[in-house]
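Read off the chains here:
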Amino acid sequence: YVTVSEAGAWRVLEALDGVDGDHAAGRVLAACGRAGRTSHSGGRGETPDGGEPAPLRSDGELASERSRLAGPSLSLSYRDPVHAVRGWMQWLYAADGTAYLDAYNNVPHVGHSHPRVADAVARQTSLLATNTRYLSQVRLDYMARLADRFPDPLDTVYLVNSASEANELALRIARAATGRRDLVVQQSGYHGHTTTLVDASPYKADGPGGEGTPEWAHTIAIPDTYRGRFRTGRDDDPGGRYAADVAELAGRLAQEGRAPGALLLETFPSVGGQIVPPDGYLEGAYRAIREVGGLVIADEVQTGLGRLGSVEWGFQTAPVVPDLVVLGKPIGNGFPLGAVVTSRALAEAFDTGMEFFSTFGGNPVACAAGGAVLDVLDDQALAANAERVGVRLLDGLRGVGDRHDRVGDVRGMGLFVGVEIVADRTDRAPDAGTARRAVEGLKARGILAGTDGPDGNVLKLRGPLVLTSSDVDGIVAALDDVLHRTAGGAPDG
Ligand code: PMP
């Protein structure tokens, strides 16, 4: 009799055992009307190891110390910055105990602090961390598993420490293979923070403090069918027309004797405003560059590894295969890891006699992290989750658009989503102020989002792939409420 009545209690205990303590406390308190607060961390410093609490300093004190120690060109997000001390799946916890639903960060691809990734890193770091000049089963396993996720002829993998490094390496391979230096890049494109990549990133070079793109970087339009030159519902075949512009530029450059070595393209422009490339665009643009002997480098840092839901890589939304694919950020789930995946032929062209070596690139600890990310992604079917939850988010946001005329456009795929905020739907005038206030309003409701796009008016939503249906329902309801209050003139939600 006793064991029968115990059975349910054990089920509850076992279920609770799988739930993070901070998260459970936050949810219980939220249900009691103390939204987003957990009591256990209040009044203590950051002591995830349970050791002596650090003396607690106010966020204001931290911010002024930061200003003293860090260079002034490093920015902080939000009017009142978040002092994040802990992450768990789609949740970020601040020092004051506030639990934030993370609808913004894409690096924690399979969830903040995923225990399988953390365990893999801990195990490998206590075993061995060396470089690529030694044989390593861990590295080979990771390279093979990554290469297996790409179509032919992409079968060769280089591992580095960041997406910036991966883009740099892709450019070097393209230069070695074509002997050309000229590049075609996209307006508002972003590829990294190194000297060459800032020049090749119009988002930086043509942005505040930039010196303009150099003469070797030739800019094409973002294929934005809401705000750009060719628009859905107004122009026939906008994708084909944007691609025709690429062909026109490539043809002109070839005639001038400076045919481009490569087209460097974020497959779905992200800082450019969460753009979904229109039908016909990618295949047209790829063809245009290849017709003049150039290569295509697909920067899949934002869109790779299942974020888009129904495809593993952004380029698979069109009948194309790039020559080089650049990966970073999410593939290590927070552990530094970047990759270039290319064909054997291009890798051989890059074998010029100069050794390629990166001290930390491809170290076994990074490979263990990358392997664990693939394990979790597959075992938890997170791409399918991104697809399901992403459709629900887009549907919900479109509903918000039906109720608020500040919403000009809702677009995206999987958990790569943008909401364009406008002052006026007729002329589509961008409204960065309302977008910024909406982000602050969401934060006040415990949700982290951001803004982007050339006019700073696109709400950017692209959180970890473990977001649930109820999470996205919460995001939709919060945005609805924020816009309702903003329209009523209330300041900052
Ligand atoms: N490419 C794209 C598309 C990116 O979004 C970023 C970073 N935001 C990078 C490259 C550079 O990544 P990292 O800062 O990790 O070098």
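Residues numbered from 1 in each chain as written. Predicted model: local features only at pLDDT ≥ 70, side-chain atom pairs only at ≥ 80, totals over all residues. Heavy atoms only, no water.

> Could you clarify how one ought to interpret unusual backbone geometry in this entry?
With the exception of glycine, the majority of residues adopt a negative phi angle, and the majority of peptide bonds are in the trans configuration. Put simply, Asp-152 and Pro-153 share a cis peptide bond, and its omega is 0°. Mapping Pro-153 onto the fold places it in the loop between helix 5 (137-148) and strand 4 (154-160). The phi dihedral of Tyr-78 falls on the positive side, at around 75°, and the residue is not glycine. Topologically, Tyr-78 is positioned in the loop between helix 3 (59-69) and strand 1 (84-88). (Helix = DSSP H or I, 4+ residues; strand = E, 2+ residues; numbered from the N terminus.)

> Teacher, can you tell me more about the layout of surface pockets here?
Empty space among the atoms becomes visible once a probe the size of a water molecule is rolled across them. Reported here for the largest pocket is a volume of approximately 1400 Å³. For the largest pocket, the lining is made up of 41 residues, of which Ser-75, Ser-77, Tyr-104, Tyr-203 and Arg-462 are closest to its centre. Only helix 6 (163-178), helix 8 (202-205), helix 14 (432-444) and strand 15 (450-452) provide two or more residues apiece to the lining of the largest pocket. (1 Å grid on protein atoms, 1.4 Å probe; cavity = no way out; pocket = protein on both sides within 12 Å on 5 of 7 lines; lining within 4 Å. Points joined across faces, edges and corners; volume = space filled by probe spheres on them.)

> Mind showing me how you'd approach the pairing of strand 9 (residues 324-327) here?
Every other side chain in a regular strand lies on the same face of the sheet, so the side chains alternate between the two faces. In strand 9, alternate side chains face the same way, and those of Leu-324 and Val-326 on one face and Val-325 and Leu-327 on the other are all buried. Pairing geometry for strand 8 (residues 295-299) and strand 9, over three bridges, is parallel. Residue Ile-297 lies in a different strand from strand 9, and its bridge partner there is Leu-324. Summarising the sheet, strand 9 and strand 10 (residues 338-343) pair through four bridges and their orientation is antiparallel. Looking at the pairing, Leu-324 lines up with Thr-342 of strand 10. (Buried < 20%, exposed > 50% of the residue type's maximum accessible area, 1.4 Å probe, protein only. Pairing = 2+ DSSP bridges.)

> Please explain helix 5 as it appears in this structure.
Residues separated by three or four positions in an α-helix point in the same direction, a consequence of the helix having 3.6 residues per turn. In a regular helix each residue adds 1.5 Å, so twelve residues correspond to 16 Å; helix 5 covers 16 Å between its end C-alpha atoms and thus fits that length. Among all positions in helix 5, only Arg-139, Tyr-142, Leu-146 and Ala-147 are buried. The buried residues of helix 5 occupy an angular sector of 125° when the element is viewed end-on, so they sit on one face. Away from its buried face by more than 90 degrees, helix 5 exposes Gln-137, Leu-140 and Asp-148. In this fold, the buried residues of helix 5 make contact with strand 4, strand 9, strand 10 and helix 12 (364-379). A distance of 3.4 Å separates the backbone nitrogen of Val-138 from a side-chain oxygen at the start of helix 5, and that oxygen is part of Ser-136. (Expected span 1.5 Å × (residues − 1). Arc of directions from axis to C-beta. Contact = heavy atoms within 4.5 Å. Polar contact = N/O pair within 3.5 Å; in protein donor to acceptor, adjacent residues only side chain to side chain.)

> I keep staring at the environment of Ala-94 and nothing clicks. Help me out?
Along the chain, Ala-94 falls in strand 2 (residues 91-94). C-alpha of Ala-94 to C-alpha of Arg-123: the two residues are 29 residues apart in sequence and 28 Å apart in space. Once you skip the residues sitting within four places of it in the chain, Ala-94 turns out to touch Val-82, His-83, Ala-84, Val-85 and Tyr-100.

> Would you mind showing me how to read the pairing of strand 16 (residues 458-461) here?
Side chains Val-458 and Lys-460 project from strand 16 onto one buried face, and the interleaved Leu-459 and Leu-461 project onto a second face that is buried too. Looking at chain direction, strand 12 (residues 416-424) and strand 16 are connected through four bridges and run antiparallel. From the neighbouring strand, Gly-418 faces strand 16, where its bridge partner is Lys-460. Pairing between strand 15 and strand 16: three bridges, direction antiparallel. Bridge pairing links Asp-452 to Val-458 in strand 16. The loop that links strand 15 with its antiparallel partner strand 16 comprises five residues; one of these, Gly-453, has a positive phi angle of about 95°.

> What's the story with the environment of Gly-463 in this structure? I'm lost.
As for its position among the elements, Gly-463 is in the loop between strand 16 and helix 15 (469-487). Counting along the chain gives 357 residues from Gly-463 to Asn-106, while the straight-line C-alpha distance between them is 5.3 Å.

> I would appreciate a short explanation of a nonpolar patch on the surface in the present structure.
Nonpolar side chains collect at one region of the surface, where Trp-10, Val-12, Leu-13, Leu-16 and Val-19 lie side by side and expose about 480 Å² of accessible area between them. Here Leu-16 shows up in helix 1 (residues 2-17). By relative accessible area, which is 52% here, Leu-16 ends up exposed. (Patch = residues over 30% accessible without salt bridge, like charges linked within 9 Å, V, L, I, M, F, W, Y side chains within 5 Å. Areas by Shrake-Rupley, 256 points an atom, 1.4 Å probe, with all protein chains shown as cover. Salt bridge = Lys/Arg side-chain N within 4 Å of Asp/Glu carboxyl O.)

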